[in-house]
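Next come the chains, spelled out residue by residue.
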Amino acid sequence: MRPERAITLAAALLLGGCADLGYYWQSASGHLGILRVAKPVPEWLADPAVSAPLKAKLELAQRIRRFAVTELALPDNPSYTSYADLHRRAAVWNVVAAPPYSLTLKNWCFPVAGCVGYRGYYDEAAAKAEAEAQHAKGLETAVYPVPAYSTLGWMNWAGGDPLLSTFIGYPEGELARIVFHELAHQVLYVPGDIVFNESYATAVERIGGAMWLQREASEAARSEYARFDAQRQQFRALALETRRALNEAYESAEAKAGDWSAVDAMKKAAMDAFRERYARLRTEWQGPRQGAYDVWVARANNATFGAQGAYDDLVPGFEALFARENRNWPRFYKEVRRIAALPTMEERRNALQTATGMLQTNSSHDDNNNGEHGA
């Protein structure tokens, strides 16, 4: 479950029009403010005032970064070789909005980045004000904290994207995944296709994270990750079922006939079932992450479900593509670039579906062959 990621092009935003000059200025100045307080990791490690736990995390992050370069073929550049203590709980805050009867997010359009389904702010109050403005227009809205984001390599000349205090304390498996995810955005980015971009980066983080845990992590780190990931998988499955139920309501015969009271009843039933099932799941979970999704569930609406879908919907296709390319990272990236170059979202999705279908067909043939040989 990762609707906590953002892509911010601070430098590119300076190219925007005058109508949004204030917004672009806060984006650029906010990112530059982070760069100003960032220092190279060796300086933090040499500082006797820095705590031992933080130094250990910074050293771990450097090992994770090297693994990303040597084992996952991710970019080797200045990103994540510095660290910034932001003294706040998030790097930015994202605003998402969706209509009352749709999970399709409102798009905001930016230079270079294209149109995306969120609007990021470095000030939480400003994000909440934007959400209120969108709510006044009749949209369902949400504001969520973002611990990490990628400048897509555009700021490597200025030191790259630093490690941040907002995520450096994550458990080992989660820290590895977040670094892999953000570096994956530097490999490729399709302007205006948030689902493709985020699903691709999520696939890289999942596959790469599993490799890191298997090859580099301690048994304690693997056990810690396994407990939380089991909860995450259960929650993702529940959220997916709820998205399907909501979509069925919004595309129902009643919706087409304009019977909105009936649609409202179906929507309420889906949301009530979601919260009831989550409450039952929560009682089964143990440990400090038991309530990890409480805030998300409390604010759940079309906007939050729409944002969550961007990070999950195409992941199976990318995972199938990686398997089809014999789990070879350069070959995988080459094929993802080929698909990314297709002119329309529909063509890109069809290409991923084809990859999934080919993998399933090959697996079926393998199973049949194994059965014959076994006989």
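Scroll up a little and you will see the structure.
Everything in this summary refers to the structure shown in the same document.

Here is what the cut-offs are and how they apply
- Residues numbered from 1 in each chain as written.
- Predicted model: local features only at pLDDT ≥ 70, side-chain atom pairs only at ≥ 80, totals over all residues.
- Heavy atoms only, no water.
- Helix = DSSP H or I, 4+ residues; strand = E, 2+ residues; numbered from the N terminus.
- Buried < 20%, exposed > 50% of the residue type's maximum accessible area, 1.4 Å probe, protein only.
- Contact = heavy atoms within 4.5 Å.
- Areas by Shrake-Rupley, 256 points an atom, 1.4 Å probe, with all protein chains shown as cover.
- Pairing = 2+ DSSP bridges.
- Phe/Tyr/Trp six-rings, centres within 6.5 Å; stacked < 30°, edge-to-face > 60°.
- Lys NZ or Arg CZ within 6 Å of the ring centre and 35° of its normal.
- Salt bridge = Lys/Arg side-chain N within 4 Å of Asp/Glu carboxyl O.
- Core = buried A, V, L, I, M, F, W, Y, C linked by side-chain atoms within 4.5 Å.
- Axes fitted to C-alpha atoms, helices over the stretch in contact; angles between N-to-C directions.
- Left-handed = near helix turned anticlockwise from the far one by under 90°.
- Nonpolar A, V, L, I, M, F, W, Y, C, P; charged D, E, K, R; others polar.
- Expected span 1.5 Å × (residues − 1).

## Examining the overall build of the protein chain
- A tally of regular secondary structure across the protein chain gives 15 helices and 10 strands.
- Here the protein chain, with 375 residues, has 52% of them falling under the buried criterion.
- By sequence separation, contacts in the protein chain at least 24 residues apart represent 76% of the contacts at least 6 residues apart.
- On the protein chain, roughly 16,800 Å² of surface is accessible, and the fraction owed to carbon and sulfur atoms is 55%.

## Quick look at the sheet that holds strand 2 (residues 39–40)
- Reading across the sheet, the 3 strands line up as 2-3-10 and stay open at both edges, with mixed pairing between neighbours. Pairing within the sheet leaves two strands with one partner each, and these edge strands are strand 2 and strand 10 (163–164).
- With 2 bridges connecting them, strand 2 and strand 3 (residues 82–84) associate as antiparallel partners. Each bridged residue has a counterpart across the sheet, and for Lys39 the counterpart in strand 3 is Tyr83.

## Let's talk about the packing of aromatic side chains
- Enumeration according to the criterion identifies 27 aromatic pairs in this entry.
- Consider the rings of Phe274 and Phe305, whose centres lie 5.1 Å apart with planes at 70 degrees: the pair is edge-to-face. Taken together, the positions of Phe274 in helix 10 (residues 260–284) and Phe305 in helix 12 (residues 302–312) put the pair 31 residues apart, joining distant regions of the chain.
- Here the aromatic cluster, defined as three or more aromatic residues joined through ring pairs, consists of Phe228, Phe235, Phe274, Tyr278, Trp285, Tyr293, Trp296 and Phe305.
- Seen from the ring of Trp108, Lys106 lies directly overhead, with NZ or CZ sitting 5.3 Å from the centre.

## Observations regarding the side chain of Asp312
- Residue position: Asp312 is located in helix 12.
- In contact with Asp312, not counting residues within four places along its chain, are Ser199, Arg206 and Arg236.

## Description of the pattern of salt bridges
- By the definition in use, this model includes 22 salt bridges.
- The closest approach of N and O atoms between Asp229 and Arg232, which form a salt bridge, is 3.0 Å. Residue Asp229 and its partner Arg232 are both found in helix 8 (residues 219–250); the two are separated by 3 residues, about one turn of the helix. Side by side, Asp229 and Arg232 carry an identical accessibility label, which is buried.

## Notes on the nonpolar core
- Counting residues in hydrophobic clusters, the biggest one holds 92 residues, and the most contacted among them are Leu74, Leu163, Phe196, Tyr200 and Phe332.
- In terms of residue count, the dominant contributor to this core is helix 7 (residues 194–215) (10 residues).
- Residue contacts for Phe196: discarding those within four places in its chain leaves Leu188, Val190, Leu314, Phe318, Val336, Ile339, Ala340, Arg348, Arg349 and Leu352.
- Ranked by size, the runner-up nonpolar core spans 21 residues in total, among them Phe235, Leu281, Trp285 and Trp296.

## Quick word on unusual backbone geometry
- One non-glycine residue, Ala73, lies in positive phi territory at about 60 degrees.
- Tracing the chain through its elements places Ala73 in the loop between helix 4 (52–71) and strand 3.

## Re the sheet that holds strand 8 (residues 140–146)
- Pairing is antiparallel in the open sheet, where 3 strands are placed in the order 7-4-8. On the outer flanks of this sheet lie strand 7 (119–121) and strand 8, each paired with one strand and no other. On average, each strand axis in the sheet is tilted by 25 degrees relative to the strand beside it, whichever way the strands run.
- Sheet topology places strand 4 (residues 92–98) next to strand 7; 3 bridges connect them, and they run antiparallel. For Val95, the partnering residue across the bridge sits in strand 7 and is Arg119.

## Focus on the pairing of strand 8
- With 6 of 7 residues buried, strand 8 is to be regarded as a mostly interior element.
- Of the strand pairs in this sheet, strand 4 and strand 8 are connected by 7 bridges, and their pairing is antiparallel. In the sheet register, Ala97 faces strand 8, and the bridge partner there is Thr141.

## What about the packing of helix 4 against helix 7?
- Direction vectors running N to C along helix 4 and helix 7 enclose 115 degrees, while the axes themselves pass 11 Å from each other. Helix-helix and strand crossings are classified by hand; for helix 4 and helix 7 the assignment is right-handed. Residue-level inspection shows Leu60, Arg63, Ile64, Phe67 and Glu71 of helix 4 in contact with helix 7, the latter providing Gly208, Met211, Trp212 and Arg215.
- Its residues assigned to classes, the contact of helix 4 with helix 7 comprises 5 nonpolar, 1 polar and 3 charged.

## Section: helix 6 (residues 172–187)
- For helix 6, with 16 residues, the first-to-last C-alpha span of 23 Å sits near the 22 Å given by 1.5 Å per residue.
- The buried fraction of helix 6 amounts to 16 of the 16 residues, a majority that puts the element mostly inside the structure.

## Structural notes on helix 2 (residues 21–37)
- Its 17 residues give helix 2 an end-to-end C-alpha distance of 24 Å, which sits within 8% of 24 Å, the value for a rise of 1.5 Å per residue.
- Of all the residues in helix 2, the buried ones are Tyr23, Tyr24, Gln26, Ser27, Ala28, Gly30, His31, Ile34 and Leu35.

## Topic: the pairing of strand 4
- Extensive coverage of strand 4 is indicated by the burial of 7 of its 7 residues.
- Every second residue of strand 4 is oriented toward a common face, with Val92, Asn94, Val96 and Ala98 on one face and Trp93, Val95 and Ala97 on the other, all of them buried.

Nothing here speaks to function; it is all geometry.
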